[in-house]
Amino acid sequence: MWDYSEEVMDHYRNPRNVGSIENADLIGEAGSLACGDSLKLFIKLEGNIVKDAKFQTFGCGSAVASSSILTEMIIGKTLDEVKKITNKDIADKLGGLPAQKMHCSVMGREALEDALKKYYGEDSEEWQELELMDEHSKAGEKIICTCFNVTENQIWEAIKQNNLTTLDEVTNYTKAGGACGRCKNIIQDMISTYLNKKPETQELTPTQKILKIGKVLEQQIAPQLQKDGGDIELVDIDGDIVKVKLIGVCSACKNASMTLKNFVEAELKEKVDNRIVVEQVG
């Protein structure tokens with residue numbers, strides 16, 4: 001069960017600005033029914049200001065909420081202000097989204113970009129400016145994930161904008177790698193290339209390590225345990241020693257014939273630091 005904010009639930013249950021706009025000045029689309037989520041965004045201008053915005057979406061509650069909040073965010077804004085909206089802005093406005101649902105906020109941003117691209121034209125000065133702020137995929141670009149039709153630039157964009165450092169994070173933001181898995185090695189290479197360009201991320205500071213351990217436990221390990229009625233509680237972190245209280249078992253542990261403690265340790269070694277040792281307390 002995902003942990004949704006009150007804002008997400010409100011926009012899901014009472015979505016704003018649903019529908020279409022006849023003779024809209026801007027229309028943008030993102031996603032596809034084949035991938036499970038799709039969004040069509042309609043914008044009406046009054047001069048350089050967004051007078052009205054509506055959306056049609058097919059997808060989960062997070063997709064509906066992200067689309068709904070996006071229309072509220074852009075109504076009354078100038079196009080210059082609208083250009084600067086990122087997927088992080090959308091998620092933050094909703095009070096946050098579960099990591100596995102961040103791709104819904106990305107879809108909102110992509111629909112907005114698609115609308116601006118069509119409105120300005122790819123050769124215009126305005127579109128060139130937009131591309132400099134936020135590189136976006138172009139028609140004919142290399143597809144990395146064929147299952148969800150995710151391009152190389154879309155993956156790079158998600159990695160750079162959100163400082164993604166693991167394969168799971170990229171999948172959460174883009175869906176890439178979430179089906180057959182054949183593209184996982186390519187995505188991992190892209191992450192490694194990004195990290196190599198940012199050597200400061202290779203060795204985490206103690207504070208950064210603590211924050212990342214907490215993030216992995218909360219967003220990736222705990223949901224896996226909770227599927228089987230278990231859970232995990234972080235008790236203490238002392239250098240590379242992570243002390244946790246564990247409840248129950250998980251399917252991953254059963255399938256791999258490993259203990260719960262070893263499962264958590266393996267996940268933290270892979271996603272944070274291979275020097276980590278997990279101690280079970282309580």
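Below is a short write-up of the structure.

Criteria and cut-off values
Residues numbered from 1 in each chain as written. Predicted model: local features only at pLDDT ≥ 70, side-chain atom pairs only at ≥ 80, totals over all residues. Heavy atoms only, no water. Helix = DSSP H or I, 4+ residues; strand = E, 2+ residues; numbered from the N terminus. Buried < 20%, exposed > 50% of the residue type's maximum accessible area, 1.4 Å probe, protein only. Contact = heavy atoms within 4.5 Å. Areas by Shrake-Rupley, 256 points an atom, 1.4 Å probe, with all protein chains shown as cover. Core = buried A, V, L, I, M, F, W, Y, C linked by side-chain atoms within 4.5 Å. Polar contact = N/O pair within 3.5 Å; in protein donor to acceptor, adjacent residues only side chain to side chain. Expected span 1.5 Å × (residues − 1). Pairing = 2+ DSSP bridges. Phe/Tyr/Trp six-rings, centres within 6.5 Å; stacked < 30°, edge-to-face > 60°. Axes fitted to C-alpha atoms, helices over the stretch in contact; angles between N-to-C directions. Parallel < 35°, antiparallel > 145°, perpendicular 65-115°, else oblique. Left-handed = near helix turned anticlockwise from the far one by under 90°. Nonpolar A, V, L, I, M, F, W, Y, C, P; charged D, E, K, R; others polar.

### Section: the overall build of the chain
Broken down by element type, the chain carries 12 helices and 8 strands. Of all 282 residues assigned to the chain, the portion counted as buried reaches 47%. Long-range pairs, those at least 24 residues apart, make up 56% of the contacts in the chain between residues at least 6 apart in sequence. A total of about 14,400 Å² of accessible surface is found on the chain, and carbon and sulfur atoms cover 48% of it.

### Some remarks on the nonpolar core
Counting residues in hydrophobic clusters, the biggest one holds 52 residues, and the most contacted among them are Ile43, Val50, Ile74, Leu112, Ile155, Ile159 and Ile187. If sequence neighbours within four positions are ignored, isoleucine 155 has contacts with Ile144, Val150, Val170, Ala176, Ile187 and Met190.

### Re the side chain of glutamate 113
Relative to the elements of secondary structure, glutamate 113 occurs in helix α5 (residues 102–120). In terms of polar contacts, glutamate 113 uses its side chain to reach the side chain of arginine 109, at 2.9 Å.

### Considerations on α5
For α5, which comprises 19 residues, the first-to-last C-alpha distance of 28 Å matches the rise-based estimate of 27 Å (1.5 Å per residue) to within 8%. Glycine 121 occupies a position one or two residues after α5 and carries a positive phi of about 90°.

### Details of the pairing of strand β3 (residues 49–58)
Looking at chain direction, strand β2 (residues 37–46) and β3 are connected through 9 bridges and run antiparallel. Opposite leucine 39, over in β3, you have threonine 57 as the bridge partner. The antiparallel pairing of β2 with β3 creates a hairpin that spans 2 residues between the two strands, and glycine 47 there sits at a positive phi of about 70°.

### What to know about the packing of aromatic side chains
A full pass over the atoms with the stated rule returns 1 aromatic pair. Ring centres of tyrosine 119 and tyrosine 120 lie 5.3 Å apart, and the angle between their planes is 65°; on these two criteria the pair is classed as edge-to-face. A residue is classified by how much of its surface remains accessible, and tyrosine 119, at 38% relative accessible area, is partly exposed.

### Considering the sheet that holds β2
Pairing within the open sheet is antiparallel, and its 3 strands lie in the order β1-β2-β3. Edge positions in the sheet fall to β1 (26–32) and β3, since each of these pairs with one other strand and no more. Adjacent strand axes in the sheet meet at a mean angle of 15°, parallel and antiparallel pairs treated alike. Running over the sheet, helix α2 (residues 61–74) touches β2 and β3 and is turned about 175° from β3. In this fold α5 packs onto β1, β2 and β3, with an angle of close to 140° to the strand it touches most, β1.

### Quick look at the packing of helix α10 (residues 206–226) against helix α12 (residues 260–271)
The N-to-C vectors of α10 and α12 enclose an angle of 135°; their axes lie 10 Å apart at closest approach. With respect to each other, α10 and α12 are oriented oblique. The two elements α10 and α12 cross, and the hand of that crossing is right-handed. Residues Lys212, Ile213, Val216, Leu217, Gln220, Ile221, Gln224 and Leu225 of α10 form the contact with α12, whose own contacting residues are Leu260, Phe263, Val264, Glu267, Leu268 and Lys271. Class assignment for the residues of the contact of α10 with α12 results in 9 nonpolar, 2 polar and 3 charged.

### A few points about the packing of α2 against α5
Packed helix pairs are specified by the crossing angle of their axes together with the interaxial distance, meaning the distance between the axes. In the contact formed by α2 and α5, the axes pass within 8 Å of each other and the chain directions differ by 45°. If you check the angle between α2 and α5, you find them oblique. Here the hand of the crossing between α2 and α5 comes out right-handed. For the pair α2 and α5, contact is made by Ser62, Ala63, Ser66 and Leu70 and by Cys104, Ser105, Met107, Gly108 and Leu112, respectively. Its residues assigned to classes, the contact of α2 with α5 comprises 5 nonpolar, 4 polar and no charged.

### Overview of the environment of glycine 28
Inspection of the secondary structure puts glycine 28 in strand β1. Those residues in contact with glycine 28, other than ones at most four positions away along the chain, are Leu39, Lys40, Leu41, Ala111, Asp114 and Ala115.

### Examining the sheet that holds strand β6 (residues 231–238)
Pairing within the open sheet is mixed, and its 3 strands lie in the order β6-β7-β8. Of all the strands in the sheet, the pair left with one neighbour each is β6 and β8 (277–280). This sheet shows a mean twist of 30° between the axes of neighbouring strands, independent of strand direction. The pairing of strand β7 (residues 241–247) with β8 spans 4 bridges and is parallel. Bridge assignment links valine 242 to a residue of β8, and that residue is valine 278. Against the sheet, α10 contacts β6 and β7, and its axis sits at roughly 160° relative to β6. Lying over the sheet, α12 contacts β6, β7 and β8, oriented at roughly 150° with respect to β8.

The quantities given are spatial measurements derived from coordinates; they are silent on function.
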